[in-house]
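# Structural features, examined
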Amino acid sequence: NALPKQSKIAKVTHLAAMPYDELPDFMGELRQQEGTTAAIALEWTILAAARTDDTLGFTWPEIDTEKKVWTIPAARMKAGADHRVPLTDRMLQILGKLDRSTEFVFSGVNPKKKLPHEAMLKVLKVIHPSVTVHGFRSTFKDWASEHTAYPNEVSEMALAHKIPGKVEGAYRRGDLFEKRHRLMADWANYCASSSRDPA
């Protein structure tokens, strides 16, 4: 009783992520299951370094194949601002194989409804049960930080993170789209570098 009360410190829980050097082989295995919408959606999520909800809520009007950009509207973004995602060749290839008559790009059994929230996780658990879908964003960040020479703010913007600091935020009005396009192309190439990849 004489001891002072311990302050309650909230623990930060990090979602399980895959080491980036294991990712190419994983992607090779994943592409072997591309007959299922959930597997294709998971590959898209990884290639875009997107959040699960961004992929599940994805509708066809958000895509501009000529400009090679996926614009996620502010209403669906955590930061409350539109987020442009550069489309790589592989992402355009994925879109070309999908049925455009559905409301959502990755629809469930009902073409008017989105893929169930647990669908991608189920696919992941079959191949690599120790990681989470959201954890691939950390995999991407680790790869960009340790395996490339891109500035930190480029990968941060790819993840739709706000650049910290009031002054930085006030003066940086662009979204580094061209640099992010090169970054995401390099990421796609890295993801496809496994000998198991059928593509």
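In what follows, the structure referred to is the one given above.
## A look at the pairing of strand E2 (residues 69-72)
Alignment of strand E1 (residues 63-64) against E2, held across two bridges, turns out to be antiparallel. Residue pairing in the sheet places Asp64 in a bridge with Val69 of E2. Taking the residues between adjacent antiparallel strands as the criterion, E1 and E2 are bridged by four residues, where Lys68 takes a positive phi near 55°. In this structure, E2 lies alongside strand E3 (residues 83-86), joined through four bridges in antiparallel fashion.

## With respect to the pattern of salt bridges
Scanning all chains against the criterion turns up six salt bridges. Its salt-bridge partner being Asp175, residue Arg84 comes within 3.0 Å of it at the nearest N-O pair. Here Asp175 lies in the loop between helix H8 (166-171) and helix H9 (177-191) and Arg84 lies in strand E3, a separation of 91 residues in the sequence. Overall, Arg84 belongs to the partly exposed group, its relative accessible area being 33%. For Asp175, a relative accessible area of 24% corresponds to the partly exposed category. Between Arg180 and Asp175 there is a salt bridge, and its shortest N-O distance comes to 3.3 Å. One salt-bridge network, in which partners are shared between bridges, spans Arg31, Glu43 and Arg90.

## Some thoughts on the packing of helix H1 (residues 23-31) against helix H2 (residues 37-48)
Where H1 contacts H2, the two axes come as close as 10 Å, and the packing angle between them is 150°. It follows that H1 is roughly antiparallel to H2 by the angle criterion. Remark: the crossing between H1 and H2 carries left-handed chirality. Contacts between H1 and H2 pair Leu23, Phe26, Met27, Leu30 and Arg31 from the former with Ala39, Leu42, Glu43, Ile46 and Leu47 from the latter. Tallied by class, the residues present in the contact of H1 with H2 amount to eight nonpolar, no polar and two charged.

Cut-offs applied
- Residues numbered from 1 in each chain as written.
- Predicted model: local features only at pLDDT ≥ 70, side-chain atom pairs only at ≥ 80, totals over all residues.
- Heavy atoms only, no water.
- Pairing = 2+ DSSP bridges.
- Helix = DSSP H or I, 4+ residues; strand = E, 2+ residues; numbered from the N terminus.
- Salt bridge = Lys/Arg side-chain N within 4 Å of Asp/Glu carboxyl O.
- Buried < 20%, exposed > 50% of the residue type's maximum accessible area, 1.4 Å probe, protein only.
- Axes fitted to C-alpha atoms, helices over the stretch in contact; angles between N-to-C directions.
- Parallel < 35°, antiparallel > 145°, perpendicular 65-115°, else oblique.
- Left-handed = near helix turned anticlockwise from the far one by under 90°.
- Contact = heavy atoms within 4.5 Å.
- Nonpolar A, V, L, I, M, F, W, Y, C, P; charged D, E, K, R; others polar.

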